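Structural characterization, general
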Amino acid sequence: KVEVFRAGRQWIAENFRSAKAVIEYESAADGTIIGKGFIPYPCASAWECVGKPDWKVPFTLRFEAKDERFRLTFTDIRIQWPAKFANGVTQPAFDGVVRTQKDMDKIRPKLLLMGEGIRASVARGASSDNW
């Protein structure tokens, strides 16, 4: 449990700008980390990204470690974009829940990749102990 927790915390520190800014609660004794992070909106194509270059997907992440395993849960998944003015049209800022299944279908695989990253970090941690 301790090794899984340490690997999860290390992965968060390496993959977010600042683990201190992301982590809102952690308990090594419980094996729990709760934090808030975000990913860039995962565009389906370069053309789509032209219209959404500054969109973000904030979320709350809960990491729970047990002996030789972990669980990753995402809640409060939202979409944000700043206000902008282009071609005489004003678009107001937005910060709200994901409204369409199409958006969630783009976001879900990116969030699930975090679990794969943590799994790889746990495996590296175990193998690096024997250097």
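Residues numbered from 1 in each chain as written. Predicted model: local features only at pLDDT ≥ 70, side-chain atom pairs only at ≥ 80, totals over all residues. Heavy atoms only, no water.

Scanning the model with the defined rule gives nine salt bridges in all. As a salt-bridge pair, E64 and R71 come within 2.9 Å of each other at their nearest N and O atoms. Taking the relative accessible area as the measure of exposure, E64 reaches 17% and is therefore buried. The partner of D76 in a salt bridge is R78, with the nearest N and O atoms 3.1 Å apart. A single network of salt bridges, built from pairs that share partners, joins E48, K52 and K106. (Salt bridge = Lys/Arg side-chain N within 4 Å of Asp/Glu carboxyl O. Buried < 20%, exposed > 50% of the residue type's maximum accessible area, 1.4 Å probe, protein only.)

It is worth spelling out the confidence of the model for the protein at this point. Keep in mind that low pLDDT regions are not for reading the predicted coordinates in detail. Predicted confidence across the protein gives a mean pLDDT of 89, with 93% of residues reaching 70 or more. By mean pLDDT, helix α2 (residues 19-22) is the weakest element of the protein at 74, and strand β5 (residues 78-81) is the strongest at 96. (pLDDT = per-residue confidence, 0-100. Helix = DSSP H or I, 4+ residues; strand = E, 2+ residues; numbered from the N terminus.)

Quick look at the packing of aromatic side chains now. For any pair of aromatic rings, the description rests on two quantities: the centre-to-centre distance and the angle between the ring planes. With the rule as written, the count across this model stands at seven aromatic pairs. Seen from their ring centres, W55 and W81 are 4.2 Å apart, and the 20 degrees between their planes marks the pair as stacked. In this pair, W55 is assigned in the loop between α3 (46-51) and β3 (56-66) and W81 in strand β5, connecting sequence segments 26 residues apart. According to the relative accessible area criterion, W81 is buried, its value standing at 13%. A ring pair is formed by W81 and F94, whose centres lie 4.7 Å apart and whose planes are at 25 degrees; its orientation type is stacked. In this pair, W81 sits in strand β5 while F94 sits in strand β8 (residues 94-97), placing the two residues 13 residues apart along the sequence. Feature note: the residues W11, F16, F59 and F74 constitute an aromatic cluster, connected by ring pairs. (Phe/Tyr/Trp six-rings, centres within 6.5 Å; stacked < 30°, edge-to-face > 60°.)

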